[in-house]
Amino acid sequence: MRRLFPVTDQTAETSDREWGLDELADAYAYPVLAGEAAAGAPGAASAAGGLSGAPAHWLRANMVSSLDGAAQHEGRSQPISSDTDMRVFGMLRALADVVVVGAETVRLEGYRPARAREAFAGRRAAAGQGPAPAIAVISASLELDFSLPLFSSPLVPTLVLTGAGAPADRVAEARGAGAEVLFAGEGAGVDPARAVAVLAERGLRRQLTEGGPRLLGQFVAAGVLDELCLTVSPTLTAGDAQRISSGPSVAVPHRLELAALLEEAGFLFTRYRRI
């Protein structure tokens, strides 16, 4: 892997070799959040605008796209991914307090609970995090299979975010399976901005969403996405696969700035942040 941006005096040293976990963790570190600066949060990157303007929470998305814009092939992202992309995927999870995912993606990708990884145990403990991130599933209908390991045997209790108008029997079933149900909307659906706030109020401030495209589109439309970690896969799929985000268009396109660019075997690993 090699760093293409930003260019530093260490750029040449990171060319054409496999990066260690600590290097990857530093490359993808969350910004310092409000209240962490005085403690010198381990591995945290500088917050945009200086520590005095540190954000209260940070929502980043991790997605992969083919060269012709497909976010998946035959319904799954794995065919356009790579071993290094999956390594970055695991790293982003290891840095997060919570992984936010849509119900449809849980069904299609066969989501399982996040697991504790010994390689990240020290870093997570130093940052005041538990052994693994929580998984937060966003669903209006709660039409989920609560017998799956994601709900029945997670290391950290799975959260289910829904609206106040969600079916009472499904709420009861979710809770009976061991999930924690949180309400983040007045109607049946979830308000994306409220979902971010509800998670932050529980201390889950380093947030990561893995989609799918509809959920990411909702976060974009609500203006609450802080960062996009996009892997550009050197593949072409044709077909009619979804893009990385979908849903109603925003009135004015949201402009982001490039924060980092890595490359390996033709895959580009980009980080874009809100301006």
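For the structure given in this document, a descriptive report is provided here.

**Quick look at the nonpolar core**
Piece 1. Residues Tyr 28, Ile 135, Val 137, Leu 150, Phe 151 and Phe 269 are the most contacted members of the largest nonpolar core, which totals 41 residues.
Piece 2. Mapped by element, the contributors of at least two residues to this core are α1 (21-27), α2 (83-95), β3 (98-102), α3 (103-109), β4 (134-138), α5 (149-152), α6 (168-176) and β10 (267-274).
Piece 3. For this core, the leading source of residues is α2, giving five residues.
Piece 4. Dropping the residues within four chain positions of it, Phe 151 is found in contact with Val 137, Leu 144, Asp 145, Phe 146, Thr 158, Val 160, Ala 177 and Ala 179.
Piece 5. If you look at the next biggest cluster of nonpolar residues, it comprises 27 residues, including Ala 71, Ile 138, Leu 161 and Val 196.

**Considering unusual backbone geometry**
Piece 1. In this model, Phe 5 is joined to Pro 6 through a cis peptide bond whose omega is -5°.
Piece 2. The residue Pro 6 is located in the loop between β1 (2-5) and α1 in this model.
Piece 3. The peptide bond linking Gly 211 to Gly 212 adopts the cis configuration, its omega dihedral lying at 10°.
Piece 4. Summarising the element assignment, Gly 212 is placed in the loop between β7 (206-209) and α8 (213-222).
Piece 5. Here the phi dihedral of Leu 142 falls at roughly 60°; this positive angle occurs in a residue that is not glycine.
Piece 6. Judged by relative accessible area, Leu 142 falls into the buried class, the value being 0%.
Piece 7. A positive phi is found at Ala 265, a non-glycine position, where the angle reads about 55°.
Piece 8. Mapped onto the secondary structure, Ala 265 falls in the loop between β9 (256-264) and β10.
Piece 9. Taking relative accessible area as the criterion, Ala 265 reaches 68% and is therefore assigned exposed.

**As for the side chain of Ser 65**
Piece 1. Mapped onto the elements of the fold, Ser 65 is located in strand β2 (residues 58-66).
Piece 2. The class of Ser 65 is buried, set by a relative accessible area of 10%.
Piece 3. Residues within four places of Ser 65 in sequence aside, it is in contact with Ala 70, Ile 80, Leu 230, Thr 231, Val 232, Ser 233 and Ile 244.

**Things to note about α6**
Piece 1. Every buried residue of α6 is listed here: Arg 170, Val 171 and Ala 174. Viewed along the axis of α6, the buried residues span an arc of 105°, placing them on a single side of the element. Turned more than 90 degrees away from the buried face of α6 sit Ala 168, Asp 169 and Gly 176, all of them exposed.
Piece 2. Contact partners of the buried residues in α6: β6 (180-183).
Piece 3. Of the residues one or two after α6, Gly 178 is the one with positive phi, at around 105°.

**Describing the sheet that holds β7**
Piece 1. Strand order in the open sheet made by the ten strands is β1-β9-β10-β8-β2-β7-β3-β4-β5-β6, with mixed pairing throughout. Of all strands in the sheet, those bounded by a partner on one side alone are β1 and β6. Sheet twist, expressed as the average angle between the axes of neighbouring strands with direction ignored, equals 25°.
Piece 2. In the sheet, β2 pairs with β7 via four bridges, with the strands oriented parallel. In the sheet register, Ala 61 faces β7, and the bridge partner there is Thr 209.
Piece 3. Along the sheet, α2 makes contact with β2, β3, β4, β7, β8 (227-233), β9 and β10, crossing β2 at roughly 170°.

**Some words on the packing of α2 against helix α4 (residues 118-126)**
Piece 1. Between α2 and α4, whose axes approach to 10 Å, the crossing angle comes to 30°. Accordingly, the angle class assigned to the pair α2 and α4 is roughly parallel. In the crossing of α2 with α4, the sense of the turn from one axis to the other is right-handed. Contact residues: Met 91, Arg 93, Ala 94 and Leu 95 in α2; Phe 120, Arg 123 and Arg 124 in α4.
Piece 2. In terms of residue class, the contact of α2 with α4 is built from four nonpolar, no polar and three charged.

**Considerations on the pattern of salt bridges**
Piece 1. Tallied over the full model, the rule gives 18 salt bridges.
Piece 2. One salt bridge connects Arg 123 with Asp 22, and the closest N-O pair in it is separated by 3.6 Å. Of the two residues, Arg 123 is situated in helix α4 and Asp 22 in helix α1; the sequence distance between them amounts to 101 residues.
Piece 3. Here Arg 123 falls in the partly exposed class, since its relative accessible area comes to 24%.
Piece 4. A salt bridge links Glu 36 to Arg 205, with the nearest nitrogen and oxygen atoms 4.0 Å apart. With Glu 36 in the loop between α1 and β2 and Arg 205 in the loop between α7 (192-201) and β7, the pair connects residues that are 169 residues apart, well separated along the chain.
Piece 5. A single salt-bridge network, built from bridges that share partners, covers Glu 36, Asp 97, Arg 205 and Arg 206.

About the cut-offs
- Residues numbered from 1 in each chain as written.
- Predicted model: local features only at pLDDT ≥ 70, side-chain atom pairs only at ≥ 80, totals over all residues.
- Heavy atoms only, no water.
- Core = buried A, V, L, I, M, F, W, Y, C linked by side-chain atoms within 4.5 Å.
- Buried < 20%, exposed > 50% of the residue type's maximum accessible area, 1.4 Å probe, protein only.
- Helix = DSSP H or I, 4+ residues; strand = E, 2+ residues; numbered from the N terminus.
- Contact = heavy atoms within 4.5 Å.
- Arc of directions from axis to C-beta.
- Pairing = 2+ DSSP bridges.
- Axes fitted to C-alpha atoms, helices over the stretch in contact; angles between N-to-C directions.
- Parallel < 35°, antiparallel > 145°, perpendicular 65-115°, else oblique.
- Left-handed = near helix turned anticlockwise from the far one by under 90°.
- Nonpolar A, V, L, I, M, F, W, Y, C, P; charged D, E, K, R; others polar.
- Salt bridge = Lys/Arg side-chain N within 4 Å of Asp/Glu carboxyl O.

Distances and angles like these do not, on their own, reveal function.
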